[in-house]
Amino acid sequence: DAEPLERAAALLSSGAKVVVMTGAGVSVSAGIPDFRTPGSGLYDNLQEYNLPYAEAIFDLDFFQNTPQPFYRLCKELWPGNYSATPTHRFIKLLHDKGQLVRCFTQNIDSLETAAGLPKEAVVAAHGNFDGAHVAFGKGAGTEVPVDELKEAMLFDGEEKWRALNAKYGGLVKPDIVFFGEQLPARFFECAMADFPKADLLIVMGTSLVVQPFAGLVNNAPPAATRLLVNRERVGEDSFGFGGRGFDFDAEGSRDLFHQGDCDGFVADLVERLGWRAEFERI
Ligand code: APR
């Protein structure tokens, strides 16, 4: 149904301020699998690591005892091998037009900055590879030059990262938020500051199953339109926090759902807005 596209285009062409929330789905067309799509998702493809359960790859206790699987994932995911997608470039275009309040992402691939977005326009809620610290051991908390970690990660074999861990007095981890770890303070600061400014919330490529990120949906002011662009319908539960999730089916609802690929929706929206020339220059 064309309503989501029409209503998003009407808001954007009238200068609406936008908060964007993204998940792994927006990077799938860059070649980075998402986590939970059956078959192709990362969590269905970790057999070689014989993890006790898939999400163990981001579990601190598991990492402390068995760092190899996560270090292997770092090697595969380290930024530099992937390009920004049309969806990342659309978010950059919103920034260029002065309409992006902030992009909150769960992704650790830094493709937002690869698309040209300045770091301050992005909140990497689950961290990324910009920095590294010692996670355990007597050196816990020590900052580690991320280039040294990158070199150790990209090297086949364990001797490099074992030497790095010995050098810094413990297990070195890029600043990626593991399950049970606190999200960066910036996440909470920006969530409070940014959402009240939103005329439009656009949520793309996420299953909205991980808190506290998913609960951001409830931060949108009552007058704001909330648009989900996703291959599957998600986010209709209450997210705990006492708020309500999306209510797509209510008469005159401010919640809109476009089922499909984000890149396709973005292409149609850019066309509808007459923004194609600018978009293609991003
Ligand atoms: N366009 C739109 N939606 C897509 C696309 C696409 N091209 N490809 C996949 N999707 C949808 C999937 O249908 C799914 O609903 O994106 C969603 C991806 O969900 P997940 O794989 O669960 O990824 P995400 O929501 O980002 O996971 C959240 O979980 O594992 C932790 O910390 C990790 O940040 C991650 C968090």
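Note that this is a predicted model, so its numbers are computed, not measured.

(A) Spotlight on the overall build of the chain. In terms of regular secondary structure, the chain is built from ten helices and nine strands. Relative to its length of 282 residues, the chain is compact, with a C-alpha radius of gyration of 19 Å against a globular reference of 19 Å. Dimensions along the principal axes, computed over C-alpha positions, put the chain at roughly 60 × 40 × 35 Å. Buried positions account for 52% of the 282 residues belonging to the chain. The contacts in the chain between residues at least 6 apart in sequence include a share of 70% that link residues at least 24 apart. For the chain, the exposed surface amounts to about 12,700 Å²; the carbon and sulfur share of it is 51%. One way to put it: in the chain the 26 positive side-chain charges average out to a point 5 Å from where the 40 negative ones average out.

(B) Local environment of the site of the ligand. The local shell around the ligand holds 22 residues, among which Arg36, Tyr43, Thr206, Ser207 and Glu232 are the closest. Here an oxygen atom of the ligand and a backbone polar atom of Gln106 are 3.2 Å apart. With respect to the ligand, the side chain of His126 contributes an N or O atom lying 2.9 Å from an oxygen atom. About the coverage of the ligand: the protein hides 96% of its 730 Å² of free accessible area. Of all the cavities here, the one that holds the ligand is the largest pocket.

(C) Here's a closer look at the environment of Ile176. Residue position: Ile176 is located in strand E6 (residues 172-176). Residue Ile176 is classed as buried on the basis of its relative accessible area of 2%. Taking C-alpha positions, Ile176 is 23 Å from Thr87, a pair spaced 89 residues apart along the chain. With near-sequence residues (within four places) excluded, Ile176 lies in contact with Phe58, Phe70, Ile108, His126, Gly127, Asn128, Phe129 and Glu181.

(D) Layout of the environment of Val101. For Val101, the position within the fold is in strand E2 (residues 100-105). Sequence separation between Val101 and Phe136 is 35 residues; the distance between their C-alpha atoms is 36 Å. Those residues in contact with Val101, other than ones at most four positions away along the chain, are Lys17, Val18, Val19, Asp194 and Lys197.

(E) Layout of helix H9 (residues 262-273). Between the first and last C-alpha of H9 there are 16 Å, a value that for twelve residues agrees with the 16 Å anticipated at 1.5 Å per step. What H9 keeps buried is the set Cys262, Asp263, Phe265, Val266, Leu269, Val270 and Leu273. Across the axial projection of H9, the buried residues extend over an arc of 160°, all falling on one side. Those residues of H9 that are buried are in contact with helix H1 (3-13), helix H4 (86-96), strand E7 (200-204), strand E8 (225-230), strand E9 (255-259) and helix H10 (276-280).

(F) Examining unusual backbone geometry more closely. The omega torsion across Gln211 and Pro212 is 5°, close enough to zero to call that bond cis. In this model, Asn50 sits at a positive phi of 25°, which is unusual for a non-glycine residue. Tracing the backbone shows Asn50 in the loop between strand E1 (18-22) and helix H2 (60-65). Using a relative accessible area of 64% as the deciding quantity, one classes Asn50 as exposed. Located in the positive-phi region is Leu208, a residue other than glycine, with phi close to 50°. On the secondary structure map, Leu208 appears in the loop between E7 and E8. By relative accessible area, which is 5% here, Leu208 ends up buried.

Calculation notes
Residues numbered from 1 in each chain as written. Predicted model: local features only at pLDDT ≥ 70, side-chain atom pairs only at ≥ 80, totals over all residues. Heavy atoms only, no water. Helix = DSSP H or I, 4+ residues; strand = E, 2+ residues; numbered from the N terminus. Rg over C-alpha atoms; globule rule 2.2 N^0.38 Å. Buried < 20%, exposed > 50% of the residue type's maximum accessible area, 1.4 Å probe, protein only. Contact = heavy atoms within 4.5 Å. Areas by Shrake-Rupley, 256 points an atom, 1.4 Å probe, with all protein chains shown as cover. Lys, Arg positive; Asp, Glu negative; His and termini not counted. Charge placed at Lys NZ, Arg CZ, Asp CG, Glu CD. Near = heavy atom within 4 Å. Polar contact = N/O pair within 3.5 Å; in protein donor to acceptor, adjacent residues only side chain to side chain. 1 Å grid on protein atoms, 1.4 Å probe; cavity = no way out; pocket = protein on both sides within 12 Å on 5 of 7 lines; lining within 4 Å. Sits in = over half its atoms within 2 Å of the grid points. Expected span 1.5 Å × (residues − 1). Arc of directions from axis to C-beta.

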